[in-house]
Amino acid sequence: MKKKRMAGVFFSLMLTAGLLAGCGGNQQGGGSSGGNGGGGGDVIKIGANLELSGGVASYGQSIAEGLDLALEEINKEGINGKKLELVKVDNKSEAAEATNGAIKLISQDKVVAIIGSATSTNTLAQVQVANDNKVPLITPTGTNPTITNKDGKVNEFVFRTCFIDPFQGTVAAKFALNDLKVKNAAVLIDSSSDYSKGLAASFKDAFTQGGGKIVAEEAYVAKDTDFRATLTRIKSKNPEFIFLPGYYEEVGLIVKQARELGLNVPIMGGDGWDSPKLVEIAGKDALNNTYITNHYSSGDPDPKIQEFVKAFKAKYNKAPDAFNALGYDTAYFLADAIKRAGSADPVKIKDALAQTKDLQLVSGTLTLNEHHDPVKSAAILEYKDGQQQFKTKVNP
């Protein structure tokens, strides 16, 4: 492991020096920038390393929409006399491209911080690059705990705006036990996804500790399309509830095929379900009696949320999902840190990010703990006729 780590450090440093010049793609922004880390002149350059194409493009595109709206608002007044300039790269929903994108943003574009990626796996692919080069990395939606804290050691330059998998899985388990009153459950995970495995582990722990029984555990792999054999095995165990932590492309097909096989029990997942594409894939009828844990709901009556919903609808002519909201919040999180740092120096921005306390955002009041994870509430949403309906908010 030590040899692999040293090789990885050497590799990322060499790439940062320019060996992979031109990697990444779909760059937006640009312009010249001098000084320390993209802070010269009248602009401060920040990067966005997002899934703008590929298997989970809906997530990255939603985050980008939230970022763009936030930067329009922030730049009306500017920060310390400067404007924020966003440079986007498309990681194509692939971990290797996420690594290359981070290298490009740091070595070529000279950004002072990187926002992204949407998924845990693609964020983890950037962590070493960020730490080695001392440039803050903030994921809006990567929920795997090891992104910020690996084996008890905090990743100094890595942060997130969302809650983590153990909280999300625990909330789902308590909802199943206490609100839906189920006594047993099946778990179906994407074995290729750090996100899915993390949620499943925390759900199982909380569910069994609460007196529930796991009667079936099955797995699939991203890009699978036929889940009937797996679902038939699950059905034979007569579960009262299915926990399905995955991404919308596979989840939509799984829910659709489950209902076709007569599996009409409640099905629940996490924020990975949250895409308009889910309803297109599964069908609105199949999604009845399904639930998700999420970071916010556009139906929440909170005035700050409704103000954001109004502004987002005015720009995009649609209601914002959680990925829109977290992209928006992440821009404000970073802008607040840059303002408090009084500098575009990445190390000073990192220090300011770590000291964030009681920052009022759309997805809740953000205070970072010692692991660089926010302490904030979760929303539980129910699908009814293809529409998300806000059920309740759960505090940490």
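See the structure above.
Right, let's walk through the structure included here. On a predicted model such as this, the values are computed, not experimentally measured, just so you know.

Parameters and conventions
- Residues numbered from 1 in each chain as written.
- Predicted model: local features only at pLDDT ≥ 70, side-chain atom pairs only at ≥ 80, totals over all residues.
- Heavy atoms only, no water.
- Core = buried A, V, L, I, M, F, W, Y, C linked by side-chain atoms within 4.5 Å.
- Buried < 20%, exposed > 50% of the residue type's maximum accessible area, 1.4 Å probe, protein only.
- Helix = DSSP H or I, 4+ residues; strand = E, 2+ residues; numbered from the N terminus.
- Contact = heavy atoms within 4.5 Å.
- Pairing = 2+ DSSP bridges.
- Axes fitted to C-alpha atoms, helices over the stretch in contact; angles between N-to-C directions.
- Salt bridge = Lys/Arg side-chain N within 4 Å of Asp/Glu carboxyl O.
- Parallel < 35°, antiparallel > 145°, perpendicular 65-115°, else oblique.
- Left-handed = near helix turned anticlockwise from the far one by under 90°.
- Nonpolar A, V, L, I, M, F, W, Y, C, P; charged D, E, K, R; others polar.
- Polar contact = N/O pair within 3.5 Å; in protein donor to acceptor, adjacent residues only side chain to side chain.
- 1 Å grid on protein atoms, 1.4 Å probe; cavity = no way out; pocket = protein on both sides within 12 Å on 5 of 7 lines; lining within 4 Å.
- Points joined across faces, edges and corners; volume = space filled by probe spheres on them.
- Phe/Tyr/Trp six-rings, centres within 6.5 Å; stacked < 30°, edge-to-face > 60°.
- Lys NZ or Arg CZ within 6 Å of the ring centre and 35° of its normal.

## Regarding the nonpolar core
- Of all hydrophobic cores here, the largest spans 99 residues; its most connected members are Leu84, Phe203, Phe207, Leu244, Val255, Trp273 and Phe308.
- Top element by residues in this core is helix H11 (residues 322–341). It accounts for 10 residues.
- The residues touching Leu244, leaving out its near neighbours within four places in the chain, are Leu188, Tyr220, Val251, Ile254, Val255, Ile267, Met268, Gly269 and Trp273.
- Counting 15 residues, the second-largest nonpolar core is a separate cluster that includes Val87, Ile103, Val135 and Leu137.

## Structural notes on the sheet that holds strand E11 (residues 267–269)
- Read from one edge of the open sheet, 7 strands run E9-E8-E10-E11-E12-E15-E16, paired in mixed fashion. Edge positions in the sheet fall to strand E9 (213–220) and strand E16 (387–394), since each has one partner strand and no second.
- As defined by bridge partners, strand E12 (residues 290–294) adjoins strand E15 (residues 378–384) across 5 bridges and the pair is classed as antiparallel. Note that in E15 the partner of Tyr291 across the bridge is Glu382.
- Against the sheet, helix H6 (residues 194–209) touches strand E8 (184–190), E9 and strand E10 (242–243), its axis set at about 165° to E8.

## Side note on the pattern of salt bridges
- Counted according to the given criterion, the structure contains 16 salt bridges.
- Where Glu72 meets Lys315, a salt bridge forms, and the shortest distance between an N and an O atom there is 2.5 Å. Here Glu72 is found in helix H2 (residues 57–77), whereas its partner Lys315 is found in helix H10 (residues 303–316), with 243 residues between them in sequence.
- The salt bridge partner of Asp373 is Arg160, with a shortest N-O separation of 2.6 Å. In this pair, Asp373 sits in the loop between strand E14 (364–366) and E15 while Arg160 sits in strand E7 (residues 158–160), placing the two residues 213 residues apart along the sequence.
- By relative accessible area, which is 5% here, Asp373 ends up buried.
- What emerges from the salt-bridge pattern is a single network uniting Asp226, Arg228, Lys256 and Glu260.

## Focus: the packing of helix H3 (residues 95–107) against helix H4 (residues 120–133)
- The contact between H3 and H4 brings their axes to 8 Å, and the two run at 30°. Classified by the angle between their axes, H3 and H4 sit roughly parallel to one another. The chirality of how H3 crosses H4 is right-handed. Across from Ala95, Ala98, Thr99, Ala102, Ile103 and Ile106 in H3, the residues of H4 making contact are Thr121, Asn122, Ala125, Gln126, Val129 and Asn133.
- When grouped by side-chain class, the residues that make up the contact of H3 with H4 number 7 nonpolar, 5 polar and no charged.

## Remarks on the environment of Thr99
- The residue Thr99 is located in helix H3 in this model.
- Spatially, the C-alpha atoms of Thr99 and Asn122 are 7.9 Å apart, while their sequence positions differ by 23 residues.
- The residues touching Thr99, leaving out its near neighbours within four places in the chain, are Ala125 and Val129.
- A polar contact of 2.8 Å, which involves the side chain of Thr99, links it to the backbone oxygen of Ala125.

## So, empty space enclosed by the protein
- Evaluation of the coordinates by the stated rule reveals 1 cavity of 30 Å³ or more.
- As for the largest cavity, its lining consists of Tyr59, Ala118, Thr119, Ser120, Thr141, Thr143, Tyr195, Tyr247, Asp271, Gly272 and Phe323.
- Its residues assigned to classes, the lining of the largest cavity shows 5 nonpolar, 5 polar and 1 charged.

## Thoughts on the layout of surface pockets
- One number sums up the size of the second largest pocket: a volume of about 520 Å³.
- Lining the second largest pocket are 28 residues; nearest its centre among them are Asp274, Ser275, Pro276, Ala319 and Asp321.
- Counting residues per element, the ones that place at least two in the lining of the second largest pocket are H2, helix H9 (276–282), H11, E15 and E16.
- The class makeup of the residues in the lining of the second largest pocket is 9 nonpolar, 13 polar and 6 charged.

## Topic: the sheet that holds strand E3 (residues 114–115)
- Spatially, 5 strands are ordered E2-E1-E3-E4-E7 in an open sheet, and the strand pairing comes out parallel. Only two strands of the sheet have a single neighbouring strand rather than two, namely strand E2 (83–90) and E7.
- Sheet topology places strand E1 (residues 43–50) next to E2; 8 bridges connect them, and they run parallel. Looking at the pairing, Lys45 lines up with Glu85 of E2.
- Of the strands in this sheet, E1, E2 and E3 touch H3, which is tilted by about 170° from E1.
- Contacts between H4 and the sheet are confined to E1, E3, strand E4 (137–139) and E7, with E4 contributing the most and set at about 160° to the helix.

## Some words on the environment of Gly198
- The residue Gly198 is located in helix H6 in this model.
- Between the C-alpha atom of Gly198 and that of Pro166, which follows or precedes it by 32 residues, the distance is 7.2 Å.

## With respect to the packing of H11 against helix H12 (residues 346–354)
- Axis separation between H11 and H12 bottoms out at 8 Å; the angle between their running directions is 115°. Relative to H12, the element H11 lies roughly perpendicular. Of the two elements, H11 crosses H12, and the hand of that crossing is right-handed. Residues Phe333, Leu334, Ala337, Ile338, Arg340 and Ala341 of H11 lie in contact with H12, whose contacting residues are Lys348, Ile349, Ala352 and Leu353.
- Per-class residue counts for the contact of H11 with H12 are 8 nonpolar, no polar and 2 charged.

## Focus on the packing of aromatic side chains
- Enumeration over the complete set of coordinates arrives at 16 aromatic pairs.
- Between Lys350 and the ring centre of Phe157, over which it is positioned, the NZ or CZ distance is 5.1 Å.

None of this, on its own, says anything about what the molecule does.
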